[in-house]
Every structure is written in C-alpha cells, then in structure tokens.
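In case you want the letters, here they are:
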Amino acid sequence: MKLILLGAPGAGKGTQAETISKELGIPTISTGNMLREAIQNQTPIGLEAKRFMDNGQLVPDDVIIGIVEERVARDDCRNGYILDGVPRTIAQAEALERFGVTIDNVVSIEIEDAVIEKRMSGRRVCGRCGASYHITANPPKTDGVCDSCGSELVIRKDDRPETVRERLEVYHRLTEPLKGFYEARGKLRIVNGNQPIETVHREILTALGKGV
Ligand code: AP5
C-alpha cells in the first residue's frame, strides 16, 4: 500500500498517519518531521529549510525530491508507506512518478480554514519524535510528555497564528491543485476532517477499502 495523505496544515495528516502506520505495518514518511530533525541536527539541508519553514513557505522542490527519493528506496519501504505532507506541489508529484513510484490511494482530509486556525493553537508536538497531540482533542496521558518516547512536548514555531494563515494560503495556491492531479488518475478519496479523530480514522479506512 502506497498512500498519500493530503490536506491543509493541521487537517490531521500526522495524527491519522501515526495510527494507520501501526495498523498496516508500514512506515510514515513525513517530510515535515524529516526537515525538523535536519534543523535540530544543523545539517546543510536543515539550515536551508529553516528559513522557509519559519515563514510558512515551502522548502524548494529539489531539496524535497532528493530526500524523498533516498527515503523510499530504503528497505523498510518494501511493503509500502504513507506519505504525510508530500507531495506538496505538482513538480513533487511528477518527480514521484519519474522515480517509478505507483501510488495506490490519495486521501484528502478536508476542513475549513477557520477551524484549522482555531485548532492549531492547541497543538503540542514531541520535540524528539514529532508525535502530535492536542490539549483537548488528543491529550497525552501525562501533561506535557510524549506518550511514545517520554520527551517534552513543545509548541511548533510555525503554529503562530500569522504563520498558520500564510501556510494555509500556500496550501490553497500550491498544494490543493494536487487534488485534480490525482483525481485525473482515479486515485483521489475525500474525507471530512472536521469530525472526531476516531471518526476520521474510520472514514479513511473505509475509503481504503479496509473498513469494518
Ligand atoms: P509539515 O510538518 O508537513 O506541516 P503541515 O502539512 O503544515 O501539517 P501539520 O503537521 O501542521 O498538520 P497535520 O495535518 O499533520 O495535522 P496534525 O495531525 O498534526 O510541514 C511543515 C513545513 O515543512 C511546511 O510549512 C514547509 O515549510 C515544510 N515542508 C514539509 N514538507 C514539505 C514538502 N513536501 N515540500 C515543501 N516544503 C515542505 O493535527 C493538527 C492538530 O490538530 C494536532 O494538535 C492534533 O492533535 C489535532 N487534531 C488532529 N485531528 C483532529 C480532529 N479530527 N479533531 C480535533 N483535533 C484534531
């Protein structure tokens, strides 16, 4: 199964990817998490990406295409993977096709901008493993501590309201056209993201033909 989770910032891609990854036994490839790790490790890619990410802009396509091509070639991707946050432009989607990646399904998690802006103020993420929580909709078992790895939860720098608005504008301009790209290939499924996390999850499994 090669699955793309598409959706605006804060639509719930990372939250859903985490559960589906465990259920289907395939890794999640989150370019956002990979870039944040590169920033933390102060690698050349991290240093280049930081100035774009802090301003809510997309990191250049050639950087993303390079890291994704290398990642999907690794052994753990043999039985498939979930792409979370990539592709984000038509050029990235075309690059995937050039490397011979055949996508089985694209699920677009849809939600209005106003709900997202409100939701993002309650997001907390693990500073180490990138797991995503919400202070009311998806709280950790212990306040401020990651359930998965025990590290401290932090507020992402790009979750400031003005940066969220910029990210939404970039999403509508550069990423939303991917819906038409994948619809033309018969791969697109739409799920309403403005529902409880478990309901969104069930609808995604149904869209993938794995519902109960
Ligand atoms: P990235 O890390 O990919 O961020 P994003 O796409 O903007 O997505 P988010 O992580 O903000 O949201 P999400 O949809 O995963 O939502 P989540 O599950 O966390 O990218 C960051 C930056 O990196 C980009 O701006 C760009 O600069 C760069 N970048 C990354 N990939 C790139 C690429 N391919 N090309 C170029 N640049 C790239 O949920 C959000 C919150 O809501 C959480 O608190 C969660 O608990 C809560 N929540 C989730 N679902 C629900 C629900 N159903 N009800 C209530 N609350 C919910």
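Everything here concerns the structure above.
Residues numbered from 1 in each chain as written. Predicted model: local features only at pLDDT ≥ 70, side-chain atom pairs only at ≥ 80, totals over all residues. Heavy atoms only, no water.

Caption draft 1: View of the nonpolar core. Counting residues in each nonpolar core, the largest one holds 26 residues, and the members touching the most others are Val-59, Leu-83 and Tyr-182. Broken down by element, the residue count for this core peaks at five residues, all from helix H4 (residues 61–72). The residues contacting Val-59, other than those within four sequence positions of it, are Leu-35, Ala-49, Phe-52, Met-53 and Ile-64. (Core = buried A, V, L, I, M, F, W, Y, C linked by side-chain atoms within 4.5 Å. Buried < 20%, exposed > 50% of the residue type's maximum accessible area, 1.4 Å probe, protein only. Helix = DSSP H or I, 4+ residues; strand = E, 2+ residues; numbered from the N terminus. Contact = heavy atoms within 4.5 Å.)

Caption draft 2: How the structure looks around the site of the ligand. Around the ligand sit 37 residues in total, of which Thr-15, Gln-57, Arg-123, Tyr-133 and Arg-167 are the nearest. A distance of 3.0 Å is found between an oxygen atom of the ligand and a side-chain nitrogen or oxygen belonging to Arg-156. Compared with its free state, where it exposes 1,000 Å², the ligand has 96% of that area covered by protein. Per-element tally for the shell around the ligand: the top contributor is helix H2 (residues 31–40), with four residues. For the shell around the ligand, the residue count by class is 15 nonpolar, 14 polar and eight charged. (Near = heavy atom within 4 Å. Polar contact = N/O pair within 3.5 Å; in protein donor to acceptor, adjacent residues only side chain to side chain. Areas by Shrake-Rupley, 256 points an atom, 1.4 Å probe, with all protein chains shown as cover. Nonpolar A, V, L, I, M, F, W, Y, C, P; charged D, E, K, R; others polar.)

Caption draft 3: Looking closely at the pattern of salt bridges. Under the criterion given, the structure shown has 15 salt bridges. Of the charged contacts, one joins Glu-117 and Arg-165 as a salt bridge, the two residues approaching to 3.5 Å between their closest N and O atoms. One end of the pair, Glu-117, is in helix H6 (residues 113–120); the other, Arg-165, is in helix H7 (residues 161–175), with 48 residues separating them in the sequence. A residue is classified by how much of its surface remains accessible, and Glu-117, at 33% relative accessible area, is partly exposed. Between Glu-176 and Lys-179 there is a salt bridge, with the nearest N and O atoms lying 3.7 Å from each other. The partly exposed category is assigned to Glu-176, whose relative accessible area is 27%. Judged by relative accessible area, which is 17%, Lys-179 ranks as buried. Among the charged side chains, a network of salt bridges with common partners joins Arg-123, Arg-156, Asp-158, Asp-159 and Arg-167. (Salt bridge = Lys/Arg side-chain N within 4 Å of Asp/Glu carboxyl O.)

Caption draft 4: Up close: the environment of Asn-194. Here Asn-194 shows up in the loop between strand S8 (188–192) and helix H9 (197–207). A residue is classified by how much of its surface remains accessible, and Asn-194, at 37% relative accessible area, is partly exposed. Along the backbone, Asn-194 and Ala-11 are 183 residues apart, and their C-alpha atoms lie at a distance of 8.2 Å. Apart from residues lying up to four places away in sequence, Asn-194 is in contact with Glu-110, Ile-111, Glu-112 and Val-115.

Caption draft 5: Quick peek at the packing of H4 against helix H5 (residues 90–98). Contact pair H4 / H5: the axes reach a minimum separation of 10 Å and the direction vectors enclose 30°. By the angle between their directions, the pair H4 and H5 is classed as roughly parallel. Regarding H4 and H5, the two cross each other, and that crossing is right-handed. Residues Asp-61, Ile-64, Ile-65 and Val-68 of H4 pack against Ala-91, Gln-92, Ala-95 and Leu-96 of H5. (Axes fitted to C-alpha atoms, helices over the stretch in contact; angles between N-to-C directions. Parallel < 35°, antiparallel > 145°, perpendicular 65-115°, else oblique. Left-handed = near helix turned anticlockwise from the far one by under 90°.)

Caption draft 6: Highlighting the pairing of strand S4 (residues 105–110). Within S4, five of the six residues are buried, which leaves it mostly tucked inside the rest of the structure. By the bridge criterion, five bridges tie strand S1 (residues 2–7) to S4 in an arrangement that is parallel. Bridged to Leu-3 within S4 is Asn-105. Sheet analysis places S4 next to S8, joined by five bridges and oriented parallel. Residue pairing for S8: Glu-110 is matched across the bridge by Asn-192. (Pairing = 2+ DSSP bridges.)

Caption draft 7: The side chain of Thr-89, seen in detail. Mapping Thr-89 onto the fold places it in the loop between strand S3 (81–84) and H5. By relative accessible area, which is 10% here, Thr-89 ends up buried. A polar atom in the side chain of Thr-89 sits 2.9 Å from the side chain of Asp-61. One polar contact links the side chain of Thr-89 to the main-chain amide nitrogen of Gln-92, over a distance of 3.1 Å. In this view, Thr-89 contacts Leu-58, Asp-61, Leu-174 and Leu-178; residues no more than four positions away in its chain are not counted.

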